[in-house]
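Survey of secondary and tertiary structure
Listed below are the residues making up each chain.
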Amino acid sequence: MKRFTGFDLAALCCGLAFLYLPVLLVVLFSFNASKLVTVWGGFSLEWYGALWQDDDLLDAARLSLLIGAGAATLSTLLGTLAALALAGRRFPGRRILGGIMLAPMVLPEVILGVSILLLFVMLEAERGGLTVMLAHATFGTAFALVVIRAKLVTLNPDLEAAARDLGATPWGAFRHAVLPALAPSMAAAWLLAFTLSLDDLVIASFVNGPGATTLPIKIYSSVRLGVTPEINAIATLLIALVALIVGIAAWLQSRSAPARR
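Predicted model, so just to flag it, every value in this text is computed and none were measured. Counting of residues starts from 1 at the beginning of each chain's written sequence and follows it residue by residue. Given that this is a predicted model, residues contribute local features only at a pLDDT of at least 70 and side-chain atom pairs are listed and counted only at 80 or more, while totals for whole chains, interfaces and linings are drawn from all residues. Neither water nor hydrogens contribute to the side-chain values; these are computed over all heavy atoms in the structure.

1. What to know about the environment of Ile111
Helical segments are the DSSP runs of H or I of at least four residues, strand segments are the runs of E of at least two, and each set is numbered from the N terminus. Its place among the elements puts Ile111 in helix H5 (residues 109–122). The cut-offs for exposure are 20% and 50% of the maximum accessible area for each residue type, with area from a 1.4 Å probe on protein chains only; residues under the lower value are buried, those over the upper are exposed, and the others partly exposed. A residue is classified by how much of its surface remains accessible, and Ile111, at 49% relative accessible area, is partly exposed. On a C-alpha basis, the gap between Ile111 and Leu215 in space is 22 Å, while along the polypeptide they are 104 residues apart.

2. Things to note about the pattern of salt bridges
Definition used for salt bridges: Asp or Glu carboxyl oxygen within 4 Å of a side-chain nitrogen of Lys or Arg. All told, the structure shown has one salt bridge when counted by the stated rule. The shortest N-O distance in the salt bridge between Asp59 and Arg62 comes to 2.8 Å. Separated by three residues within a single helix, Asp59 and Arg62 lie in helix H3 (residues 55–87), roughly one turn from each other.

3. Focus: the packing of helix H6 (residues 129–152) against helix H8 (residues 170–199)
Axis geometry follows a simple rule: fit a line to the C-alpha atoms, using only the stretch in contact for helices, then measure angles between N-to-C directions, giving values from 0 to 180 degrees. Between H6 and H8, the shortest axis-to-axis distance is 8 Å and the interhelical angle comes to 150°. Here H6 and H8 pass one another in a crossing that is right-handed. Within the contact between the two elements, H6 uses His136, Phe139, Gly140, Phe143, Ala144, Val147, Ile148, Lys151 and Leu152 and H8 uses Val178, Ala181, Leu182, Ser185, Met186, Ala188, Ala189, Leu192, Ala193, Leu196 and Ser197. Under the grouping applied here, Gly and all other residues not named as nonpolar or charged are polar, the nonpolar ones being Ala, Val, Leu, Ile, Met, Phe, Trp, Tyr, Cys and Pro and the charged ones Asp, Glu, Lys and Arg. In terms of residue class, the contact of H6 with H8 is built from 15 nonpolar, four polar and one charged. What makes a crossing left-handed is the near helix being turned counterclockwise from the far one by less than a right angle; a clockwise turn instead makes it right-handed. Note on contacts: a residue pair is in contact if any heavy atoms of the two residues lie within 4.5 Å.

4. A look at H3
In an α-helix there are 3.6 residues to a turn, and that puts residues three or four apart on one side. Any helix carries an expected span of 1.5 Å times its number of residues minus one. With 33 residues, H3 extends 47 Å from end C-alpha to end C-alpha; this agrees with the ideal 48 Å at 1.5 Å per step. Polar contacts, as used here, are pairs of N or O atoms within 3.5 Å; protein pairs need one atom able to donate a hydrogen and one able to accept it. Residues neighboring in sequence count only if both atoms are side-chain atoms. N-capping of H3 is provided by Asp54, with a side-chain oxygen placed 3.3 Å from the backbone N of Asp56.

5. Observations regarding the packing of H5 against H6
Viewed as axis vectors pointing N to C, H5 and H6 meet at an angle of 135°, and their least axial separation amounts to 11 Å. Between H5 and H6, the angle falls in the class oblique. Regarding H5 and H6, the two cross each other, and that crossing is right-handed. Within the contact between the two elements, H5 uses Leu112, Ile116 and Phe120 and H6 uses Thr131, Leu134, Ala135, Thr138 and Phe139. Across the contact of H5 with H6, the residue classes tally to six nonpolar, two polar and no charged. Any angle from 65 to 115 degrees is called roughly perpendicular, while one under 35 is roughly parallel, one over 145 is roughly antiparallel, and all others are oblique.

6. Considerations on unusual backbone geometry
With phi around 55°, Glu124 is a residue other than glycine that occupies positive phi space. You can call Glu124 exposed: its relative accessible area is 73%.

7. Details of the packing of aromatic side chains
Any pair of Phe, Tyr and Trp rings, taking the six-membered ring for Trp, is counted once the centres come within 6.5 Å. Such a pair is stacked with planes under 30 degrees apart, edge-to-face with planes over 60 apart, and tilted for the rest. Evaluation of the coordinates by the stated rule reveals three aromatic pairs. On the numbers, 5.2 Å between centres and 35° between planes, the contact of Phe31 with Tyr48 is tilted. Of this pair, Phe31 sits in the loop between helix H1 (6–29) and helix H2 (46–51) while Tyr48 sits in helix H2; the two residues are 17 residues apart in sequence, bridging distant segments of the chain. Relative accessible area serves as the criterion here: at 15%, Tyr48 is assigned to the buried category. With a centroid separation of 5.4 Å and an interplanar angle of 5°, the aromatic rings of Trp190 and Phe194 are classed as stacked. Linking Trp190 with Phe194, this pair stays in helix H8, spanning four residues, or about one helical turn.

8. Considerations on the state of the cysteines
Any two cysteine sulfur atoms lying within 2.5 Å of each other are counted as a disulfide. Within the structure shown, the criterion is met by zero disulfides. Sulfur of Cys13: no disulfide; nearest cysteine sulfur belongs to Cys14 and is 7.0 Å away. The partly exposed category is assigned to Cys13, whose relative accessible area is 42%.

9. Details of the confidence of the model for the protein
Detailed reading of the predicted coordinates is not advisable wherever pLDDT falls low. By definition, pLDDT measures how confident the predictor is in each residue, and it falls between 0 and 100. On average, the protein scores 83 in pLDDT, and the residues at 70 or more come to 93%. Per-element averaging of pLDDT across the protein places helix H7 (residues 158–165) at the bottom with 70 and helix H9 (residues 202–207) at the top with 91.

Written as structure tokens, this is what we have:
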């Protein structure tokens, strides 16, 4: 086995610094007592308290959480159905359908946002929180499909067959034999889709409407006028939330992974 050299350590440190140093600076200056975000004025929790006085920011956060929950639920449902279809019996066009389902993962967000906007305009749909949720579900479904399908292909098909032999209906066999095994992956897919929805700015900026300002859009609008300590504070809270969600998703994925002998 190749030894871990000093050059490897230096390269690793440079890579980690490039990725996480800006994030650490945001977290650090969220506790800055000074109103100047680039000048350290001492430790303070003032800006976290100021967040609760900003009604516009709180409304945007509530809307983002609501949209994220709805989009994640719809993404998980559609991703599960698609995974069951693609992991089952072979049928003509199976690979093409799988590629179409995964296309939102690789399409540029600008293209995806414009195409969804044109669809809503053609349908004469009023843009608002519902259109943002549906747009987020389009790309969230692709990620949910990947997570759930990865677990589904490892399941023993004899489980469902055994349940059918014991007299269970097709739905009963799925509910009692397949669904419990898929539950951790479905939960991980939900958390991943929720995180993606909470993070999205580009697509939401195309399909939102009056009164449907999500938190990323609100933060971006505020940053254009200059970074304030409140922005650092809300960004730190988002970092903590996303880290928690990613940790839970990874734990759920590890529980659903097959045990190695």
